[in-house]
Every structure is written in structure tokens, then in C-alpha cells.
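Coordinate analysis (summary)
These are the residues of each chain, in order.
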Amino acid sequence: MAKDPIQSVFQKLERDLGKVSSKQNAENVHRFRSSARRLETLLEELLPKQKRAHHKLLRALGRIRKRAGKLRDLDVQLAALRSLKIPQEPRRKSQLMNSLIELRAEHEKKLRKALNKEAVREIRRRLKRAAKEVKSASAGNPLAVARKMLGQPPHPDSRGTLTEDLLHHYRIIGKRARHIAELAPPSAEATQFITQLKHMQDAAGDWHDWFTLTHTAAKRLGDVHESSLVAELHNVTGAKFRNAVMALSLLRAVQTPHRPAAKPADLTRHGTHRQARKTTQAAAAHAA
């Protein structure tokens, strides 16, 4: 008998909760955070009545997921910084690396504290109860719901410019839509749609990782005039942004062929830096 995809969401989250509670490494943190997001999206988009019935479960998961999100942000920043092979300012790069490692250790302690035995036991109890109740609930059409979600973000302005804020918004919506689409029965249409979403999500996620690192580096090392490392990070982030815009434009063109492709905003080094604080604040609201 084929596995029930909705029940699999509950089962995977329970497994990932157990792993992250015993060891808060990068992989376990990422898997738990992703599984928690999947369940939240399932209850919010596909089973909204169940969301109301299980708000205590979602609230408890949300607290831990936000803690895990802090670690996830630092893990991707560290990975991006390690991959940056440039001769400029090696001492400052090491300084920034050590600062991120120390900050990660602090957040790991906070996550470990939140994952105490009593909290984990309570979440597992609520997960089992929710999984039983969801079995008898009627779900909508996952593929149709996912497509509708993708059409929800605000459109670019009248000039057709896609800003960093809008790209971040599409990144979040695209991720949630993919979580729902993956619950659809197997079909060529579903596979193609999920593949398109994944391509956009990967490109936008790559941009967001570098954007976050650039913002962190600018806070600690100064702007582009004060640090050649920060200037290089802005260059890399700008290239990642353009790549993400291309991936998003392709997805939107496939989904709505009549709509003109969006144009990226003018991302000079200074333009990117001016928008960094505003966009990172928006990112922080969704990061956890």
C-alpha cells in the first residue's frame, strides 16, 4: 500500500524532532526546520480547519523552529563564507568566520534549552493526536492549491521591476507552494511543476544566503568603502540576485505566459547596500 503523503509529513517531523533534540548539527537543524514548515503549510493551506484545532501544536513548534532558524541562518552564512575564495582581507575573513562560529554556539545552547525532554514529549503527544484527527479530514486538491498560492504574491510595480523585497516574498511563497504540491498524487504535471518550483527556490535561496552574509559582514566590517571583502560580497550577491530573477521570471512565464517577465532592480554596490537593512528585516520575519 502506498504511503499517505499527509501522514508522512507527521511521521517525518517526529523523526526529525528526535534527531535535532539529540544533536543540533547543521543537517539535523535544517531537516527539522523544513519538516516543521511543511506541517505548518499543510495545516494552513490544505487543512485550515485543522489549523484552528491544533494551534497549540503549531505554537509550540513555532517557538522551536524560530530558534532553529537562527542556527540555520548562521550555518548557511558560514558555508557561503568558506566557499568564498578571494585574496582580499584574509584576516578580516577569519575574524568574521570566528564571530559567526561563536554566535552559532550561543544560539545552539538556546535551541538545546528549548528542546528539553518535557517540551519534546508534549510536542510528540500533540503530533500523534493531530495525525489521527487529520486522517478523517477532507483535504483539497494539493496541485490546485499550490498553483493558487503561487499567484498570491504582489505583482512588480508598473515599470516591471522586481525588487529584493519581492524576490524574498516569492522565495517564501514558492517554498510553501512546493510543500503543498509534493502532497499531490504522482503525475507528469505535478512533477514538472515541482521541478520548476525547486529551480526557482534553489536560485532564490542561494541569493538569500549570500545577501544575509553580506548584511552581516557590512555590520561588522563596514560598508564597501571600508572593506574590500564587503565589496566583493556585494558583487557576488548582485550576481546571485540576477540569477534568481531569471529563474523566477522563467517560472512565472511558464505559469502565466501572457505576463511580461520582470526586470531586476538596478543593483549597484551602493544600491544593494542601501536596501540591505530593509530587506534583511523583512527576511528576519520569515527566517525562523
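Model, not experiment: these values are computed from the prediction.

The rules we used
- Residues numbered from 1 in each chain as written.
- Predicted model: local features only at pLDDT ≥ 70, side-chain atom pairs only at ≥ 80, totals over all residues.
- Heavy atoms only, no water.
- Helix = DSSP H or I, 4+ residues; strand = E, 2+ residues; numbered from the N terminus.
- Buried < 20%, exposed > 50% of the residue type's maximum accessible area, 1.4 Å probe, protein only.
- Areas by Shrake-Rupley, 256 points an atom, 1.4 Å probe, with all protein chains shown as cover.
- Contact = heavy atoms within 4.5 Å.
- Expected span 1.5 Å × (residues − 1).
- Polar contact = N/O pair within 3.5 Å; in protein donor to acceptor, adjacent residues only side chain to side chain.
- Phe/Tyr/Trp six-rings, centres within 6.5 Å; stacked < 30°, edge-to-face > 60°.
- Lys NZ or Arg CZ within 6 Å of the ring centre and 35° of its normal.
- Core = buried A, V, L, I, M, F, W, Y, C linked by side-chain atoms within 4.5 Å.
- Patch = residues over 30% accessible without salt bridge, like charges linked within 9 Å, V, L, I, M, F, W, Y side chains within 5 Å.
- Salt bridge = Lys/Arg side-chain N within 4 Å of Asp/Glu carboxyl O.
- Lys, Arg positive; Asp, Glu negative; His and termini not counted.
- Charge placed at Lys NZ, Arg CZ, Asp CG, Glu CD.
- Axes fitted to C-alpha atoms, helices over the stretch in contact; angles between N-to-C directions.
- Parallel < 35°, antiparallel > 145°, perpendicular 65-115°, else oblique.
- Nonpolar A, V, L, I, M, F, W, Y, C, P; charged D, E, K, R; others polar.

**What about the overall build of the protein?**
On a plain count of helices and strands, the protein comes out with 11 helices and 2 strands. The N-to-C order of helical and strand elements in the protein reads α-α-α-α-α-α-α-β-α-α-α-β-α. Here the protein holds 288 residues, and the buried ones make up 49% of them. In the structure as shown, the protein presents an accessible area of about 15,100 Å², 52% of it carried by carbon and sulfur atoms.

**Comments concerning the environment of Thr237**
Looking at the secondary structure, you find Thr237 in helix 10 (residues 228-255). Separated by 28 residues in sequence, Thr237 and Asp209 have C-alpha atoms that sit 8.8 Å apart. Residues within four places of Thr237 in sequence aside, it is in contact with Trp207, Trp210, Phe211 and Thr214.

**Structural notes on helix 10**
Counted at 1.5 Å a residue, the expected span for helix 10 with its 28 residues is 40 Å, and the 41 Å between its end C-alpha atoms agrees. Sitting at the head of helix 10, Ser227 places a side-chain oxygen 3.3 Å from the backbone nitrogen of Leu229.

**Digging into the packing of aromatic side chains**
Taken as a whole, this structure holds 2 aromatic pairs when the rule is applied. Measuring from centroid to centroid gives 5.9 Å for Trp207 and Phe241, while their planes differ by 65°, and the two rings are edge-to-face. You can see Trp207 sitting in helix 9 (residues 188-221) and its partner Phe241 sitting in helix 10, a full 34 residues away along the chain. Here Trp207 falls in the buried class, since its relative accessible area comes to 0%. Judged by relative accessible area, Phe241 falls into the buried class, the value being 0%. Each member of the aromatic cluster is reached from another via a ring pair, and the members are Trp207, Phe211 and Phe241. When the ring centre of Phe193 is taken as origin, the NZ or CZ atom of Arg147, which lies over that ring, is 4.4 Å away.

**Concerning the nonpolar core**
Counting 58 residues, the largest nonpolar core has Phe10, Phe32, Leu39, Leu42, Leu46, Leu111 and Ile123 as the members making the most contacts within it. Breaking this core down by element, the ones donating at least two residues are helix 1 (5-22), helix 2 (26-46), helix 4 (55-83), helix 6 (117-135), helix 7 (142-150), helix 8 (164-181), helix 9 and helix 10. With 9 residues, the top contributor of residues to this core is helix 9. Non-local contacts of Phe32, meaning those with residues more than four positions away in its chain, are made with Leu13, Asp16, Leu17, Val20, Leu61, Ile64, Arg65 and Ala68. Counting 20 residues, the second-largest nonpolar core is a separate cluster that includes Leu78, Leu84, Leu96 and Val224.

**What about a positive patch on the surface?**
A contiguous patch of positive charge, built from Arg67, Lys70, Lys110 and Lys113, is present on the exposed surface. Contributing elements (two or more residues each) for the positive patch: helix 4 and helix 5 (90-114). Within the secondary structure, Lys113 sits in helix 5.

**Notes on the side chain of Arg176**
Structurally, Arg176 can be placed in helix 8. Classification of Arg176 by relative accessible area gives buried; the value is 15%. The contact partners of Arg176, leaving out residues within four places of it in the chain, are Thr41, Glu44, Glu45 and Met149.

**Re the packing of helix 7 against helix 8**
At a minimum axis separation of 8 Å, helix 7 and helix 8 run at an interaxial angle of 175°. By the angle between their axes, helix 7 is roughly antiparallel relative to helix 8. Seen from helix 7, the contacting residues are Pro142, Leu143, Val145, Ala146, Met149 and Leu150; seen from helix 8, they are Ile173, Gly174, Arg176, Ala177, Ile180 and Ala181. For the contact of helix 7 with helix 8, the class distribution of residues is 10 nonpolar, 1 polar and 1 charged.

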